[in-house]
Amino acid sequence: MKASTVSQRIESEGKIMSNTSAVLEMPEQSFAGLETRGVHAWFGNHHALSDVSLQFPARTVTGLIGPSGCGKSTFLRLLNRMHEFIPSAAMAGEVLLHGQDIYGEGVDAAAIRLKVGMVFQKPNPFPAMTIRENVVSGLKLAHIKIDNEDDLVENCLSRAGLWKEVKDRLNASGGSLSGGQQQRLCIARSLAVEPEVLLMDEPCSALDPGSTLRIEETIKELAEKITVVIVTHNMQQASRVSDYCAFFLSDGGPGALVEADQTRKMFTNPNDSRTADYVQGKFG
Amino acid sequence: MSGISIPQPTRPWQRKRREQIRSGATFTAMAILAFIVVLFTGFAGFDGWAISLFIISAIVLLIKGRKLSQKERKNAFIQLLIASAATLAFLPWLSIFASVAMKGIAGLRINFITSDMRTTVPDDEMNMGGALHAIVGSFMMVIIASIITLPLGILSGVYLTEIKGRFTFLVRFVVQSMSGVPSIVAGLFVFTTYVSATHGPTAFGGALALGILMLPTVARTSEEVLKLVPDELRSAGYALGARQWRTTLMVVLPTVRSGLTTVAVLGVARVIGETAPLLLTAGSSTALRFNPIHGQIASLPIYVFGLLQIGTEYAVNRAWTGALVLMIFVFGLFITARKVGGKDKR
């Protein structure tokens, strides 16, 4: 994607802004469908995340930044109901997908996760499956019929930037790839189910610079079609790939949202001095 | 092509060949010395030889130790202790296998695995009759028991590791106490509930008793195996929008396919040599039979047991051969499991 189109889109879609207590209204037509309202998270008695309200515009990349333990991964896992797999976990607030609360009564968590995919920090391809089987595993797992498997595999692997490297060994085990390739395989696997939103939890933290760059390109290409939310500890990465940034911070108590804005503004002229300190590497 | 000369690949971390030969020679010398000690002193037999060898190597170590540093001396001493302990643990197995093999090998002829005892009395020469009926009976019962038990046991493992339902504690408790049930009690249970309610001992009755003994082993080991699956893989499945049972079926279980094969083998190995419960539930027979729900059936352990009770020379010989065949089957099972398990790890 060219840089100009990114900025044009940002202009046209307006901006998201929020602080810990209030959400600034955005133009209605630009709103993509994923939004949180006053979200809290607990692990047992530990209040991990406090009152986060954010909106994720369609077909943009939002970076979640902040020091370790500020609740950004917890927040990410709340967005596709992965939070609830931790036995002591609890939450409050609303996560709206197309205006419907995904924690509402009678909502099928599995169906939500089909629409809101996730890529994990550690590459986790299924070791008992081949590369090809890994790509289509999401569809098989969710009982979705596949019309043309070969095309789908090629399409997803190409979009994840892995096709050229593995096209001659699709029947090799997913575990035989390098770490960076495994992570791109996991991205391809997430894309096969055609999610509307893709959540990425520090997808490059275990990878070398080359693979990181390749995945960042992949993320930018993905944003032409889907909404991406990415947690990262790498400020350069956040500034390179994201259109919007949200800064989380914990001052000893629960993590909270400090500021969210266009990435350019967050990195050049943020409203909050703590954001400026963090993005300039003065702490965290 | 290029001017670079490629050096010979070496393994500097391994001991030099000269050292290997020297330590091998030292060990041989010590073994011979121990044998001489056995010949000329009160120590007798294999045990005496092993004890003398241990004492001699300790003495040699003391003599050599004068040249070594404190640390090296300590290291050599601990190495000797560990090697002796390992040998000690290995000896019972070796002596069982050796004695069964030596006494049983004479009767291991083709006719032993191709004919039954229908027209042969136990006192006949070893070139007549065989244990085909017992081998078939044992296999039949083990297969039926596996068909019943493996799905149940693996499902209990899945319940304990994947579903983690309200009864986890209860299930684990029952499984643990079931593994302590004496095998004769399992036999009695099947005898009172099934065998006496139908037409007496059958292969199916025997299989039920074996299944009761197999179930806790299978459930416990499959729980252990399933615990090895990293949670990241489950998360990956859920994050793709899969339901729990699909994730379990398509991700978790295939990941530990080789482990589950081992589970099956362990379960079978646990029960294939069981004798007591089969006395009550399967009975015995001298003829090859295939009907699992009608008529008594022979099995290898009962075959061995029965012949030993007769006690005449040829009968006892047959019993040893039967025991050897049983042991070969168990080892064969373990080797197969290893092979299958190895193939899985790509």
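Residues numbered from 1 in each chain as written. Chains lettered and ligands numbered in written order. Predicted model: local features only at pLDDT ≥ 70, side-chain atom pairs only at ≥ 80, totals over all residues. Heavy atoms only, no water.

> Explanation requested: a positive patch on the surface in the structure shown.
Residues and elements named next belong to chain B. On the surface, a cluster of positive charge is contributed by Arg15, Lys16, Arg18, Arg22, Lys64, Arg66 and Lys67. Residue position: Lys67 is located in the loop between α2 (45-65) and α3 (70-104). For Lys67, a relative accessible area of 78% gives the class exposed. (Patch = residues over 30% accessible without salt bridge, like charges linked within 9 Å, V, L, I, M, F, W, Y side chains within 5 Å. Areas by Shrake-Rupley, 256 points an atom, 1.4 Å probe, with all protein chains shown as cover. Salt bridge = Lys/Arg side-chain N within 4 Å of Asp/Glu carboxyl O. Lys, Arg positive; Asp, Glu negative; His and termini not counted. Charge placed at Lys NZ, Arg CZ, Asp CG, Glu CD. Helix = DSSP H or I, 4+ residues; strand = E, 2+ residues; numbered from the N terminus. Buried < 20%, exposed > 50% of the residue type's maximum accessible area, 1.4 Å probe, protein only.)

> Which parts of the structure should I look at to understand the packing of helix α5 (residues 149-159) of chain A against helix α7 (residues 179-192) of chain A?
Helices that pack against each other are described as a pair by the angle of their axes relative to one another and the distance between those axes. Residues and elements named next belong to chain A. Relative orientation of the contacting elements α5 and α7 amounts to 125°, with a least axis distance of 8 Å. Viewed along their axes, α5 and α7 adopt a mutual orientation that is oblique. In terms of crossing hand, the pair formed by α5 and α7 is right-handed. From α5, Leu152, Cys156, Leu157 and Arg159 reach across to α7, where they touch Leu185, Ala188, Leu191 and Ala192. The class makeup of the residues in the contact of α5 with α7 is 7 nonpolar, no polar and 1 charged. (Axes fitted to C-alpha atoms, helices over the stretch in contact; angles between N-to-C directions. Parallel < 35°, antiparallel > 145°, perpendicular 65-115°, else oblique. Left-handed = near helix turned anticlockwise from the far one by under 90°. Contact = heavy atoms within 4.5 Å. Nonpolar A, V, L, I, M, F, W, Y, C, P; charged D, E, K, R; others polar.)

> Explanation requested: the nonpolar core in the structure shown.
Side chains of a nonpolar character, in soluble globular proteins, are inclined to be buried together. Core analysis: the largest hydrophobic core is formed by 86 residues, its most contacted members being Leu54, Leu64, Phe75, Leu79 and Phe248 of chain A. For this core, the element with the most residues is helix α5 (residues 132-163) of chain B, which contributes 9 residues. Ignoring any residue separated from it by four or fewer positions in sequence, one finds Phe248 of chain A in contact with Leu49, Val52, Leu54, Leu64, Ile65, Gly66, Pro67, Cys70, Lys72, Phe75, Ala256 and Leu257 of chain A. Counting 34 residues, the second-largest nonpolar core is a separate cluster that includes Val153, Val193, Leu207 and Ile230 of chain A. (Core = buried A, V, L, I, M, F, W, Y, C linked by side-chain atoms within 4.5 Å.)

> I keep staring at the packing of aromatic side chains and nothing clicks. Help me out?
Note on aromatic pairs: each is described by the distance of the centres and the angle between the planes. A full pass over the atoms with the stated rule returns 12 aromatic pairs over all chains. Ring centres of Phe97 of chain B and Phe331 of chain B lie 5.3 Å apart, and the angle between their planes is 70°; this geometry places the pair in the edge-to-face category. Of this pair, Phe97 of chain B sits in helix α3 while Phe331 of chain B sits in helix α14 (residues 313-344), and the two are 234 residues apart along the sequence. Exposure remark for Phe331 of chain B: the relative accessible area of 26% places this residue in the partly exposed category. Pairing Phe169 of chain B with Phe173 of chain B gives two aromatic rings, centres 6.5 Å apart and planes at 15°, and the pair type is stacked. With Phe169 of chain B and Phe173 of chain B both in helix α6 (residues 168-178) and 4 residues apart, this pair spans about one turn of that helix. Judged by relative accessible area, Phe173 of chain B falls into the partly exposed class, the value being 49%. Members of the aromatic cluster, joined through ring pairs, are Phe90, Trp93, Phe97 and Phe331 of chain B. Above the face of the Phe126 of chain A ring, Arg189 of chain A is positioned so that its terminal group lies 4.5 Å from the ring centre. (Phe/Tyr/Trp six-rings, centres within 6.5 Å; stacked < 30°, edge-to-face > 60°. Lys NZ or Arg CZ within 6 Å of the ring centre and 35° of its normal.)

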